[in-house]
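# A structural walkthrough
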Amino acid sequence: FFGWLVDTLYARGHEDIHLRFYTYAIIVGVPVGIIAYLTPNPAVLIVALVIVYSVLMSFAGYAAASIQLTTPGEYRGRMGAVFMVVLNIPGLALGPSLIALLSAHGPWANGSLGRGIAMAFVVLGPIMLFGTIWGRRHLRQALADQGAANARAAEQVAA
């Protein structure tokens, strides 16, 4: 659903919607994620996790779309691969260790895995938010550059 929504808004002229939408998703998802992992109520946990995973994990599709929109055709496959490496290696290599570190030694540490995950939201949420806000201008510029390159290529073909 969110991929369709982002595509629809992009088609209506919202050029930076890929990152703007994820900015809004972070603003909603991070506090809900903190609540999810700190609540003792299983029903609240399940509802909160559905919200968190719906809004925060949907980014891979529209992030990949923004890469395709801003990359020349001959490099799209490579950039898709780089995106997957940059996305997965730090997350898989550092994510579990960060959660363990925060669970054992974080400011509210008591060995609770839930508290460790909540603290990761507290630590990483603002970093993600900064990245999406900072990147929006760069995304707009990359889209403009790619649009100009496509227009030049179309003129050359027509000539």
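Above: the structure in question.
Just so it is clear, the structure is predicted and the values come from calculations on it, not from any experiment. (Residues numbered from 1 in each chain as written. Predicted model: local features only at pLDDT ≥ 70, side-chain atom pairs only at ≥ 80, totals over all residues. Heavy atoms only, no water.)

### Regarding the overall build of the chain
The test is simple: Secondary structure counts use DSSP, requiring at least four H or I residues in a row for a helix and at least two E residues in a row for a strand, with both numbered from the N terminus. A radius of gyration in this sense is built from C-alpha atoms; the matching globule rule multiplies 2.2 Å by the number of residues raised to 0.38. Categorising residues by exposure relies on relative accessible area from a 1.4 Å probe, with only protein chains included: less than 20% of the type maximum marks a residue as buried, more than 50% marks it as exposed, and the intermediate range marks it as partly exposed. Every accessible area reported is derived by Shrake-Rupley at a probe size of 1.4 Å, with residue values counting cover from the shown protein chains alone. His residues and chain termini do not enter the charge count, which takes Lys and Arg as positive and Asp and Glu as negative. One atom stands in for each charge, and that atom is NZ of Lys, CZ of Arg, CG of Asp or CD of Glu.
Of regular secondary structure, the chain possesses six helices and zero strands. Listed by position from the N terminus, the elements making up the chain come as α-α-α-α-α-α. Against the 2.2 N^0.38 benchmark of 15 Å for 159 residues, the chain shows a C-alpha radius of gyration of 19 Å, more extended than a compact globule. The principal-axis extents of the C-alpha atoms in the chain amount to approximately 70 × 30 × 20 Å. Residues counted as buried form 28% of the 159 residues belonging to the chain. In the structure as shown, the chain presents an accessible area of about 9700 Å², 70% of it carried by carbon and sulfur atoms. In the chain, the 9 positive side-chain charges and the 6 negative ones have mean positions that sit 10 Å from each other.

### A word on the side chain of S66
We count it as follows: Pairs of N or O atoms within 3.5 Å make up the polar contacts considered here, provided that, within protein, one atom can donate a hydrogen while the other can accept it, and that residues adjacent in sequence are counted only when both atoms are side-chain atoms. Note on contacts: a residue pair qualifies if any of its non-hydrogen atoms lie within 4.5 Å across the two residues.
Structurally, the position occupied by S66 is in helix α4 (residues 59-70). Reaching out from S66, the side chain makes a polar contact with the backbone oxygen of A63 at a distance of 2.8 Å. Leave out the neighbours within four places in its chain, and S66 touches H18 and L139.

### So, the pattern of salt bridges
Here is the rule we go by: The term salt bridge refers to a side-chain nitrogen of Lys or Arg lying within 4 Å of a carboxyl oxygen of Asp or Glu.
Considering all chains together, one arrives at three salt bridges under this definition. Its salt-bridge partner being D16, residue R20 comes within 2.6 Å of it at the nearest N-O pair. The two residues R20 and D16 agree in class, both being buried. A salt bridge links R136 to D16, with the shortest nitrogen-to-oxygen separation between them at 2.9 Å.

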